[in-house]
Amino acid sequence: MTRAMSLGSVWLLSQAYLSAQRPGDDAANAAAGVLGCLGCGTFMLIPLVLFVVQIAILIWVVKDSKARGMDGAVIWMIFVFLVPVIGLVIYFFSRPQGALVKCASCGNMRLQASAKCPHCGNP
Ligand SMILES: [Zn+2]
């Protein structure tokens, strides 16, 4: 344990002790105040942002694999969910390569080189 950390824990203990001594000031309020000092808001925000980014990536994988006419869109989504970064890299290299264009008949994205649209079946 570093000197700063032990000083910090002594400070936390003294704060808890002081709040326990004060009548009418409940301990939950004091604890919330201490956590607020430590930047609790930031610690809560980072996992939330990572969660939202991961959901966005999963939606993109499903849309992209369907547009490329791949069979296991949901399997790929589960795979990327279970193995976040490496799964996405593996997906990137194993998907059918090529540019996506907008289908003229249904408006969904499809692979330019594909014989027919995976969404509506039109050539
Ligand atoms: Zn189509």
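Everything below is about the structure printed above this text.
Since the model is a prediction, treat every value here as computed from it, not as a measurement. (Residues numbered from 1 in each chain as written. Predicted model: local features only at pLDDT ≥ 70, side-chain atom pairs only at ≥ 80, totals over all residues.)

Peer 1: Help me out: how do you make sense of the overall build of the protein in this one?
Peer 2: Within the protein one finds 5 helices and 2 strands. Each helix and strand of the protein, placed in order from N terminus to C terminus, yields the pattern α-α-α-α-α-β-β. Counting only contacts in the protein whose residues sit at least 6 apart along the sequence, the fraction spanning at least 24 positions is 25%. (Helix = DSSP H or I, 4+ residues; strand = E, 2+ residues; numbered from the N terminus. Contact = placed C-beta atoms within 7 Å.)

Peer 1: Got a minute to help me understand the packing of helix 3 (residues 40-67) against helix 4 (residues 73-82) in this structure?
Peer 2: In helix packing, the relevant descriptors are the interaxial angle and the interaxial distance, both defined with respect to the helix axes. With their axes 9 Å apart at the nearest point, helix 3 and helix 4 run at an angle of 150 degrees to one another. When the interaxial angle is binned, helix 3 and helix 4 end up roughly antiparallel. Seen from above, helix 3 lies across helix 4 with right-handed handedness. Contacts between helix 3 and helix 4 involve Ile57, Leu58, Val61, Val62, Ser65 and Lys66 from the former and Ala73, Trp76, Met77, Val80 and Phe81 from the latter. Looking at the contact of helix 3 with helix 4 residue by residue, the classes come out as 9 nonpolar, 1 polar and 1 charged. (Axes fitted to C-alpha atoms, helices over the stretch in contact; angles between N-to-C directions. Parallel < 35°, antiparallel > 145°, perpendicular 65-115°, else oblique. Left-handed = near helix turned anticlockwise from the far one by under 90°. Nonpolar A, V, L, I, M, F, W, Y, C, P; charged D, E, K, R; others polar.)

Peer 1: It is not clear to me how the packing of helix 4 against helix 5 (residues 84-94) should be interpreted in this structure. Could you clarify?
Peer 2: Viewed as axis vectors pointing N to C, helix 4 and helix 5 meet at an angle of 140 degrees, and their least axial separation amounts to 6 Å. When the axis of helix 4 is compared with that of helix 5, the two are oblique. Contact residues: Trp76, Phe79, Val80 and Leu82 in helix 4; Pro84, Gly87, Leu88 and Tyr91 in helix 5.

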